[in-house]
Amino acid sequence: MSSPVVTRFAPSPTGFLHIGGGRTALFNWLYARGRGGKFLLRIEDTDRERSTPEATAAILKGLTWLGLDWDGEVVSQFDRKDRHAEVAHEMLARGTAYKCFSTPEEIAAFRAEAEAKGASYAVFQSPWRDADPATYPDAPFAIRMKAPRTGETEIRDEVQGIVTIKNETLDDMIVLRSDGTPTYMLAVVVDDHDMGVTHVIRGDDHLNNAARQQMVYTAMGWTVPVWAHIPLIHGPDGKKLSKRHGATGVEEYQAMGYPAAGMRNYLTRLGWAHGDAEIFTSAEAMQMFDLKGIGRAPARLDFKKLENTCGHHIAMTEDAALLQELEGFLLAAGKPALTALQRDRLARGLYCVKDRAKTFPELLEKAQFAMTSRPVAIDEAAAKNLDTVSRGILKSLTPRLQNASWTKEGLETILNDAAAENGIGFGKLAAPLRAALAGRTATPSVFDMMLVIGRDETIARLEDAGA
RNA sequence: GGCCCGUUCGUCUAUCGGUUAGGACACCUGGUUUUCAACCAGGUAAGAGGGGUUCGACUCCCCUACGGGCUGCCA
């Protein structure tokens with residue numbers, strides 16, 4: 001009985017992929033993928049003034065980075081304009097739409113007059129709705145849907161519940177403009193129907209539109225899809241997310257160094273919950289995701305939680321995959337690529353830094369000891385740990401290091417012995433070592449650093465430090 | 001203005017008429033520790049306001065306040 005689920009993401013190519021759009025796409029993707037369905041992508045480019053191929057490319061790139069793969073070819077709504085016009089004319093033939101010869105000027109005048117009269121609102125009622133075709137002038141016309149003027153339209157929404165809209169508040173929307181091009185209201189319905197979309201999951205800014213779109217489904221005798229209008233994302237201050245909140249485009253998040261898996265996890269949990277589940281993989285999310293768990297109130301973006309979530313994912317990711325994504329970050333952020341040596345050291349050293357970082361810049365910062373090359377720059381705080389006494393102790397270390405077995409156990413033995421012989425705690429020895437090895441006071445464990453950079457580099461850095 | 005939607009710790013949320021209102025992030029305290037993180041233990045912190053309905057409301061209804069959306073020959 002259950003037909004396969006088909007969802008879609010249908011952005012307008014007027015800019016980069018908005019973080020809110022990314023989440024909408026994510027919800028559609030999770031819903032379809034978790035049910036063995038299809039997730040389609042359609043670019044709503046009927047507005048020729050504002051649509052650009054660059055924006056389309058940016059959206060595709062953003063989705064790809066987020067790891068949201070779509071099925072089949074990307075559909076261009078503009079390419080389907082003939083089909084839209086065909087449906088408009090079919091509505092005409094069915095009597096569910098009519099030719100309207102009112103000009104934009106006349107309509108504007110009607111609204112101005114209504115406003116002047118103090119009317120709180122005015123639904124434009126075309127005089128051509130029931131006009132006799134014999135009276136039609138030889139002039140351009142728009143095709144308007146003949147919407148019911150009484151009664152109400154009921155939207156059964158999986159997120160919002162049952163929403164009823166009074167038909168009298170809805171005008172006879174134009175489905176085909178006087179220049180023959182389709183409007184969004186018509187195109188979206190025709191495309192969703194033709195593409196076999198079963199679940200329309202989109203922002204709740206379309207909730208009111210759903211009523212009018214549902215009328216088109218009814219007029220054409222088509223099956224109405226399952227509606228799910230999700231609340232928009234707001235900025236930390238609760239206001240609609242905008243430029244002044246900082247990053248609004250997903251590519252900005254990539255450039256800031258958030259891992260895609262972490263973004264997916266965070267965005268999934270933003271406005272959706274499944275018991276106490278917080279950290280999960282996309283495979284797990286697909287199993288859990290449902291429309292029922294989507295909240296009705298707009299959620300605010302919280303960068304602290306985003307970071308925390310990303311931290312878990314960086315720690316969870318396999319070293320090889322992490323290194324690959326890190327290089328993608330470097331590219332996206334316009335930072336210099338890794339040298340062969342850095343790449344090699346990072347590959348070996350990721351294990352001791354990946355559970356300490358929340359973002360890629362932080363990961364790189366923690367791995368500084370592996371990235372840097374000699375002579376190691378020593379900062380002021382670290383330099384204080386390199387007095388003559390400690391330098392002497394370090395110096396006594398080098399011959400032993402030369403012959404040490406280069407394992408954590410071997411190094412532990414040597415360093416602990418050295419500390420004991422000098423009558424100092426291990427901490428007193430670790431501080432100058434850290435300074436010589438990394439030039440800093442905050443680093444991973446000295447053993448890990450030595451293991452990662454190797455014997456020769458370790459000894460060389462100790463000698464550089466004057467040991 | 002009209003219509004539609006929303007409102008639980010600072011934030012994301014659980015609860016689906018009866019709970020000491022739970023979890024996570026953040027924050028604070030303590031522990032662990034070679035530094036920094038991480039980690040472990042504990043703590044502070046919530047039902048917008050007002051009316052109902054009910055033996056009993058965070059849960060249901062109404063009003064108000066606040067927030068958001070729609071109200072185009074834009075999408």
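A brief structural summary. Within each chain, residue numbers correspond to sequence positions counted from 1 in written order. Lettering for chains starts from A, numbering for ligands starts from 1, and both go in the order in which the items are written. Given that this is a predicted model, residues contribute local features only at a pLDDT of at least 70 and side-chain atom pairs are listed and counted only at 80 or more, while totals for whole chains, interfaces and linings are drawn from all residues. The side-chain figures draw on all heavy atoms in the structure; neither hydrogens nor water molecules are used.

**With respect to the overall build of chain A**
Basically, it comes down to this: Numbering goes from the N terminus for both helices and strands, where a helix is a DSSP run of H or I of at least four residues and a strand is a run of E of at least two. The buried label goes to any residue with under 20% of its type's maximum accessible area, the exposed label to any with over 50%, and the partly exposed label to all in between, with areas taken from a 1.4 Å probe on protein chains only. Only the protein chains shown count as covering a residue, and every accessible area follows the Shrake-Rupley method with a 1.4 Å probe. In this charge count, Lys and Arg are treated as positive and Asp and Glu as negative; neither His nor the chain ends contribute. We put the charge of a Lys on NZ, of an Arg on CZ, of an Asp on CG and of a Glu on CD.
Each helix and strand in chain A was counted, giving 19 helices and twelve strands. By the burial criterion, 49% of the 467 residues in chain A qualify as buried. For chain A, the computed accessible surface area is about 21900 Å², with 52% contributed by carbon and sulfur atoms. In chain A, 55 positive and 61 negative side-chain charges are present, and the distance between their average locations comes to 3 Å.

**Section: the protein's contact with RNA strand B**
For the record, the criterion: One heavy atom within 4 Å of a molecule or strand makes the whole residue count as near it. Any pair of N or O atoms that falls within 3.5 Å is considered a polar contact. Within protein, one atom must be able to donate a hydrogen and the other to accept it, and sequence-neighbouring residues count only if both atoms are side-chain atoms. As a working rule, the residues Ala, Val, Leu, Ile, Met, Phe, Trp, Tyr, Cys and Pro are called nonpolar, Asp, Glu, Lys and Arg charged, and the rest polar, with Gly in that last group.
Taken together, 64 residues are adjacent to RNA strand B, and S12, R177, G271, R356 and T443 come closest. Taken together, the sugar and phosphate atoms account for 65% of what RNA strand B places within 4 Å of the protein. E278 places a side-chain nitrogen or oxygen 2.8 Å from a base nitrogen of RNA strand B. Among the secondary structure elements, those contributing two or more residues to the surface near RNA strand B are α4 (104-116), β7 (161-166), α5 (184-194), α6 (207-220), β12 (299-300), α10 (303-316), α18 (426-438) and α19 (446-464). If one sorts the elements of the surface near RNA strand B by residue count, α18 sits on top with four residues. Looking at the surface near RNA strand B residue by residue, the class counts come to 19 nonpolar, 21 polar and 24 charged.

**So, unusual backbone geometry**
Here the amide bond leading from R374 into P375 is cis, since omega sits at -5°, within 30 degrees of zero. Residue placement: P375 occurs in the loop between α14 (368-371) and α15 (380-383).

**Quick notes on the sheet that holds strand β5 (residues 142-145)**
This is how the line gets drawn: Two strands pair if DSSP finds at least two bridges between them. To get an axis, fit a line to the C-alpha atoms, keeping to the stretch in contact for a helix; angles then go from 0 to 180 degrees between the N-to-C directions.
Taken in spatial order, the three strands of this open sheet run β4-β5-β8, and their pairing is antiparallel. The open sheet terminates on both sides in strands that have one partner only, identified here as β4 (97-100) and β8 (174-176). The average undirected angle you get between the axes of adjacent strands in this sheet is 45°. Where β5 and β8 come together, two bridges link them in antiparallel fashion. The residue of β8 that forms the bridge with I143 is L176.

**Regarding the side chain of R42**
Locating R42 in the fold gives a position in strand β2 (residues 38-43). A polar side-chain atom of R42 sits 2.8 Å from a polar atom in the side chain of E44. Within the structure, the side chain of R42 is placed 2.8 Å from the side chain of D192, a separation counted as a polar contact.

**What to know about the side chain of Q214**
Where we set the bar: In what follows, residue pairs with any heavy atoms lying within 4.5 Å of each other are defined as contacts.
On the secondary structure map, Q214 appears in helix α6. Once residues lying within four places of it in the same chain are set aside, the contact partners of Q214 are T153, E154, I155, V224 and W227.

**Considerations on the environment of E115**
Looking at the secondary structure, you find E115 in helix α4. Taking the C-alpha atoms as reference points, E115 and G37, 78 residues apart in sequence, are found 49 Å from one another.

**Considerations on the packing of aromatic side chains**
Within a pair of aromatic rings, the relevant descriptors are the distance that separates the centres and the angle that separates the planes. Stated precisely, the cut-off is as follows: A pair of aromatic rings is counted whenever rings of Phe, Tyr or Trp (Trp by its six-membered ring) have centres within 6.5 Å, and the orientation is called stacked for planes under 30 degrees apart, edge-to-face for over 60 and tilted otherwise. In this analysis the charged atom, NZ for Lys or CZ for Arg, is taken to sit over a ring once it is within 6 Å of the ring centre and within 35 degrees of the ring normal.
Within the structure shown, the criterion is met by 13 aromatic pairs. Put simply, the rings of F27, W272, F280 and F289 touch in pairs and so form one group of aromatic residues. Stacked on the ring of F78, the Lys or Arg R48 has its end atom at 3.6 Å from the ring centre. Of note, K81 hangs over the ring of F78, and the distance from its end group to the ring centre comes to 4.6 Å.

**Brief notes about the nonpolar core**
Formally: Residues enter a nonpolar core if they are buried and are Ala, Val, Leu, Ile, Met, Phe, Trp, Tyr or Cys, with the set joined through side-chain atoms within 4.5 Å.
Judged by nonpolar contacts, the single largest core of 48 residues is most densely connected at L346, L363, F369, L401, L415 and L429. When residues of this core are assigned to their parent elements, the largest contribution, eight residues, is made by α19. When sequence neighbours within four positions are dropped, the list of residues in contact with F369 reads C352, V353, A438, P444, M449, V452, I453 and R461. Among the nonpolar cores identified, the runner-up in size contains 45 residues, and Y258, F289, L291 and I294 belong to it.

**Concerning the sheet that holds strand β1 (residues 6-9)**
Taking strand neighbours across the sheet as the criterion, the three strands line up as β1-β2-β3 in an open arrangement whose pairing is parallel. In the strand order of this sheet, the two ends are held by β1 and β3 (75-76), each with one partner.

**Here's the deal with helix α16 (residues 388-403)**
Note on helix geometry: an α-helix contains 3.6 residues per turn, so any two residues three or four positions apart are oriented the same way. Which entries qualify depends on this criterion: Axes are fitted to the seven residues ending at a residue and to the seven starting at it; the angle between these axes is taken as the bend at that residue.
Roughly 25° is the biggest bend found in α16, and it falls at L397, with proline P399 one to four residues downstream. Taken together, the buried positions of α16 are S390, I393, L394, L397, T398 and L401. Of the surrounding elements, those touching the buried residues of α16 are α17 (408-421), α18 and α19. The N-terminus of α16 is capped by D387, whose side-chain oxygen sits 3.2 Å from the backbone nitrogen of V389.

**Here's the deal with the layout of surface pockets**
Put simply, the rule reads: Both site types are read off a 1 Å grid over the protein atoms alone. A 1.4 Å probe that fits but cannot get out defines a cavity, while an open set with protein on both sides within 12 Å along at least five of seven lines defines a pocket; lining residues have an atom within 4 Å of a point. Grid points are joined across faces, edges and corners, and a volume is the space filled by probe spheres set on the points.
The volume enclosed by the largest pocket comes to roughly 1000 Å³. Forming the boundary of the largest pocket are 35 residues, of which A10, P11, S12, D205 and H206 lie nearest the centre. Only β1, α1 (19-33), α5 and β9 (199-203) provide two or more residues apiece to the lining of the largest pocket. Here the lining of the largest pocket takes five residues from α1, the largest share from any one element. Residue composition of the lining of the largest pocket, by class: 14 nonpolar, twelve polar and nine charged. Looking at the lining of the second largest pocket residue by residue, the classes come out as nine nonpolar, three polar and one charged.

**Quick notes on the pattern of salt bridges**
Where charged atoms of side chains with opposite charge meet at close range, the side chains can pair. So the rule is basically this: When a carboxyl oxygen of Asp or Glu lies within 4 Å of a side-chain nitrogen of Lys or Arg, that pair is called a salt bridge.
What the rule picks out here adds up to 28 salt bridges. Taking the shortest distance from any N to any O, the salt bridge between R8 and D192 comes out at 2.7 Å. Here the residue R8 occupies a position in strand β1, and D192 occupies one in helix α5, the gap between them amounting to 184 residues. Judged by relative accessible area, R8 falls into the buried class, the value being 5%.

**Thoughts on the pairing of strand β10 (residues 226-230)**
For clarity, the threshold we go by: The path from the first strand over the helix to the second decides the hand: if it runs clockwise while the strands point away from the viewer, the crossover is right-handed.
Buried residues dominate β10, accounting for four of its five residues. The parallel pair β9 and β10, bridged by α6, forms a crossover whose chirality is right-handed.

**Quick word on α18**
Where we set the bar: To estimate how far a helix should reach, multiply one less than its number of residues by 1.5 Å.
With 13 residues, α18 should cover 18 Å at 1.5 Å per step; its first-to-last C-alpha distance of 18 Å lies within 8% of that length. The element α18 is extensively covered by neighbouring structure, given that ten of its 13 residues are classed as buried. Those residues of α18 that sit buried are L429, A430, A431, P432, L433, R434, A435, A436, L437 and A438. Those residues of α18 hidden inside the fold are in contact with α14, α15, α16, α17 and α19.

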